[in-house]
Amino acid sequence: MSEQNEKKKIIASRLREARKMAGLTQGHVAERMGLHRPTISEIEAGNRSVTAEELTAFADLYEVSVSWLAGEGAAKLDPHADRVQLAFRNLEKLSEKDLDKLLTALAAIKKQKGDK
Amino acid sequence: MTPTRTDLARRAVTKAAEVRDRFDIPLNAAVNVFDLCTEHIAPAITVRFKDISMEGMYLREERPEIWIGLRPLTRRVFNCAHELGHHVFGHGSTFDELQADGAAERPFNPDEFVVNTFAAHLLMPRLAVASAFTTRGWKAEEATPEQCFIVSCSFGVGYETLANHLVYGLQVVGRSRSDALLKTRLPTIRKGLLEHDTPDRLTVIDHHHTLPTVDIEVGTGLLLPANTEVENQELAAGHDTVRGRLFQIARSGVTRAYSPDGNWAILIRAMPHQYVGLARYRHLAREDGEDD
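Residues numbered from 1 in each chain as written. Chains lettered and ligands numbered in written order. Predicted model: local features only at pLDDT ≥ 70, side-chain atom pairs only at ≥ 80, totals over all residues. Heavy atoms only, no water.

1. Details of the overall build of chain B
Stage number 1. The helix and strand tally for chain B stands at nine helices and 13 strands.
Stage number 2. Taken over C-alpha atoms, the radius of gyration comes to 19 Å for chain B, in line with the 19 Å a tight globule of 292 residues would show.
Stage number 3. Principal-axis analysis of the C-alpha atoms places the extent of chain B at approximately 60 × 50 × 35 Å.
Stage number 4. Element-wise, carbon and sulfur atoms account for 49% of the exposed surface of chain B, whose accessible area totals about 13,300 Å².
Stage number 5. Distance between charge centres in chain B, computed from 32 positive and 39 negative side chains, equals 5 Å. (Helix = DSSP H or I, 4+ residues; strand = E, 2+ residues; numbered from the N terminus. Rg over C-alpha atoms; globule rule 2.2 N^0.38 Å. Areas by Shrake-Rupley, 256 points an atom, 1.4 Å probe, with all protein chains shown as cover. Lys, Arg positive; Asp, Glu negative; His and termini not counted. Charge placed at Lys NZ, Arg CZ, Asp CG, Glu CD.)

What follows is the structure, encoded as structure tokens:
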């Protein structure tokens, strides 16, 4: 798979993940973005590219960082990172599955250089 | 000098009153804490409902966030107020792990004590509790389990939360009453209200409800005053019982419930059971089997 295709797949999967984390259906998103529902489905399947403007609009809608949606950075935070350990001392009590969800959600909202 | 529990409690109660005052929430009324965080506090706090086994999290960021774990809705209400406490007291980011019912008491933590007390008094200030009982012709100090349950519904909190608040927080219920309040379980109360017609989850809203809305989950029974009608019957279909009209919440969305004489109305805001997502989208209409 080319690097470009790989990136497209990552963006598609993060868009789907972010939508589910926001509690929206594809129908809700289509209505708010002024797009047809099958278009959202195509975007989340990686069959249609998104423009920078669309990506920003998705990030606003889902309240996640644009850079994470754009495929930058890791999909989830490193539980051993100092900042994470300092803030959340009891994470080891979570199940592996819950920890994974939590670290993914933390990565999704983490602002990076260039994010508004 | 280390502050005593009394000092901490006083600080928490004062802060809760300040927050209510700042956002024009009368001290004798209930508050919707999700709306308070997302629509009234500036800058707004993003509230997310997560499918994670935890009580909640507070993220101290440029745009602060509160994450609420997978718990019953009434517990989610209290936990949101608890995390809001971390925010208003300027605490750092905090993760509150799941507290199993009946688990051994943890070591005393002043910050947790302060925000728990804050949450209780933000949601159930003394005046609002007294008012909730007196407007119904009851006395808080003589509260029966059924009365305590109905009042807890008006605050959106759990029965046990209000019962504990009456006994230990406000200390308005004497020893003889407190045992009955603390030992009575919800199925018994529901059965007492509706006999054989009891849903597993029940909310009771009467004419004394102080909020214009009621947040409720799909699958919950909503007992409203007799003769109440709803505009969208696909969202909530009702039938008459000895205690009023019982509506079964069938799908998420918003609909108006009203008395035919035009004297009373309320907005029912239904969200999926164990909703996962942003608080601001919790009441969006969803069709059965719609993609997730």
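That covers the picture; the talk isn't over yet.
2. Some points on the confidence of the model for chain B
Stage number 1. For chain B, per-residue confidence averages 93 on the pLDDT scale, and residues scoring 70 or more make up 97% of the total.
Stage number 2. The ipTM value of the predicted complex is 0.93, and its pTM value is 0.94. (pLDDT = per-residue confidence, 0-100.)

3. Looking at the pairing of strand β6 (residues 213-217) of chain B
Within a regular strand, side chains alternate between the sheet's two faces.
All names here are of chain B.
Stage number 1. Of all the five residues making up β6, five are buried; the element is thus mostly covered by neighbouring parts of the structure.
Stage number 2. In β6, alternate side chains face the same way, and those of T213, D215 and E217 on one face and V214 and I216 on the other are all buried.
Stage number 3. The pairing of β6 with strand β12 (residues 265-271) spans five bridges and is classified as parallel. By the bridge assignment, E217 is partnered in β12 with M271. (Buried < 20%, exposed > 50% of the residue type's maximum accessible area, 1.4 Å probe, protein only. Pairing = 2+ DSSP bridges.)

4. Points about the interface of chain A and chain B
Stage number 1. Contacts between chain A and chain B engage 29 residues on the former and 30 residues on the latter.
Stage number 2. Buried surface at the junction of chain A and chain B, summed over both partners, amounts to about 2,500 Å²; 52% is from carbon and sulfur atoms.
Stage number 3. The interface formed by chain A and chain B holds four salt bridges in total.
Stage number 4. When the shortest N-O distance is used, the salt bridge between R63 of chain B and E63 of chain A registers 4.0 Å. (Contact = heavy atoms within 4.5 Å. Buried area = accessible area lost by both parts, 1.4 Å probe. Salt bridge = Lys/Arg side-chain N within 4 Å of Asp/Glu carboxyl O.)

5. Points about the domain arrangement of chain B
Residues and elements named next belong to chain B.
Stage number 1. Here chain B is partitioned into domain 1 (5-99 + 109-123), domain 2 (129-184) and domain 3 (196-281).
Stage number 2. One C-alpha centre belongs to domain 1, the other to domain 3; they are set 25 Å apart.
Stage number 3. Contacts between the two partners involve 17 residues from domain 1, matched on the other side by 13 residues from domain 3.
Stage number 4. Looking only at domain 1, the three residues that lose the most surface to domain 3 are N32, F49 and L73, adding up to 40% of its buried area.
Stage number 5. Where domain 1 packs against domain 3, one counts one salt bridge.
Stage number 6. Its salt-bridge partner being R269, residue D35 comes within 2.8 Å of it at the nearest N-O pair.
Stage number 7. The interface formed by domain 1 and domain 3 contains six residue pairs in polar contact (both at pLDDT 80 or more).
Stage number 8. Listed by contribution, the elements that provide at least two residues to the side of domain 1 that touches domain 3 are α2 (33-40), β1 (46-49) and α3 (73-88).
Stage number 9. The class makeup of the residues in the side of domain 1 that touches domain 3 is eight nonpolar, four polar and five charged. (Domains from an automatic or database assignment. Polar contact = N/O pair within 3.5 Å; in protein donor to acceptor, adjacent residues only side chain to side chain. Nonpolar A, V, L, I, M, F, W, Y, C, P; charged D, E, K, R; others polar.)

6. Here's the deal with the side chain of H283 of chain B
All names here are of chain B.
Stage number 1. Within the secondary structure, H283 sits in the segment after β13 (277-278).
Stage number 2. A residue is classified by how much of its surface remains accessible, and H283, at 12% relative accessible area, is buried.
Stage number 3. Separated by 3.4 Å, the side chains of H283 and D215 make a polar contact.
Stage number 4. Among the polar contacts made by the side chain of H283, one reaches the side chain of R282 at a distance of 3.3 Å.
Stage number 5. Those residues in contact with H283 that lie beyond four places of it in its chain are D215, S252, G253, V254, R269, A270 and M271.

7. What about the sheet that holds β12 of chain B?
Stage number 1. Pairing is mixed in the open sheet, where four strands are placed in the order β6-β12-β11-β8 (chain B). The sheet is open, and its two borders are formed by β6 and β8 (229-230) of chain B, each paired with just one other strand.

8. Brief notes about the packing of helix α5 (residues 126-134) of chain B against helix α6 (residues 145-155) of chain B
Residues and elements named next belong to chain B.
Stage number 1. It is the contact of α5 with α6, at a shortest axis distance of 10 Å, that shows an interaxial angle of 125°. As judged from the angle between their axes, α5 and α6 are oblique. The way α5 lies across α6 gives a crossing that is right-handed. Contact residues: α5 offers A128, V129, A132 and F133, while α6 offers Q147, C148, V151 and F155.
Stage number 2. When the residues that make up the contact of α5 with α6 are grouped by side-chain class, the tally is seven nonpolar, one polar and no charged. (Axes fitted to C-alpha atoms, helices over the stretch in contact; angles between N-to-C directions. Parallel < 35°, antiparallel > 145°, perpendicular 65-115°, else oblique. Left-handed = near helix turned anticlockwise from the far one by under 90°.)

9. Quick word on helix α1 (residues 3-22) of chain A
Stage number 1. In this model α1 of chain A runs 28 Å from its N-terminal to its C-terminal C-alpha over 20 residues, within 8% of the 28 Å that 1.5 Å per residue would give.
Stage number 2. Of all the positions in α1 of chain A, only I11, A12, R14, L15, A18, R19, M21 and A22 of chain A are classed as buried.
Stage number 3. Looking at the buried side of α1 of chain A, the elements it contacts are α2 (26-33), α3 (37-44), α4 (52-62), α5 (66-69) and α7 (96-109) of chain A together with β13 of chain B.
Stage number 4. Of the residues one or two after α1 of chain A, G23 of chain A is the one with positive phi, at around 85°. (Expected span 1.5 Å × (residues − 1).)

10. Quick notes on the sheet that holds strand β5 (residues 202-204) of chain B
Residue and element names in this part refer to chain B.
Stage number 1. Judged by pairing direction, the sheet is mixed, and its four strands sit side by side in the order β5-β7-β10-β9 without closing on themselves. Two strands in the sheet have a free side with no partner beyond their single neighbour: β5 and β9 (236-241). When strand polarity is set aside, the average angle formed by the axes of neighbouring strands in this sheet is 25°.
Stage number 2. Direction of pairing for β5 relative to strand β7 (residues 221-224): parallel, over a ladder of three bridges. For L202, the partnering residue across the bridge sits in β7 and is G221.
Stage number 3. Along the sheet, helix α9 (residues 186-194) contacts β5, β7, β9 and β10 (244-249); its crossing angle with β5, the most-contacted strand, is approximately 60°.

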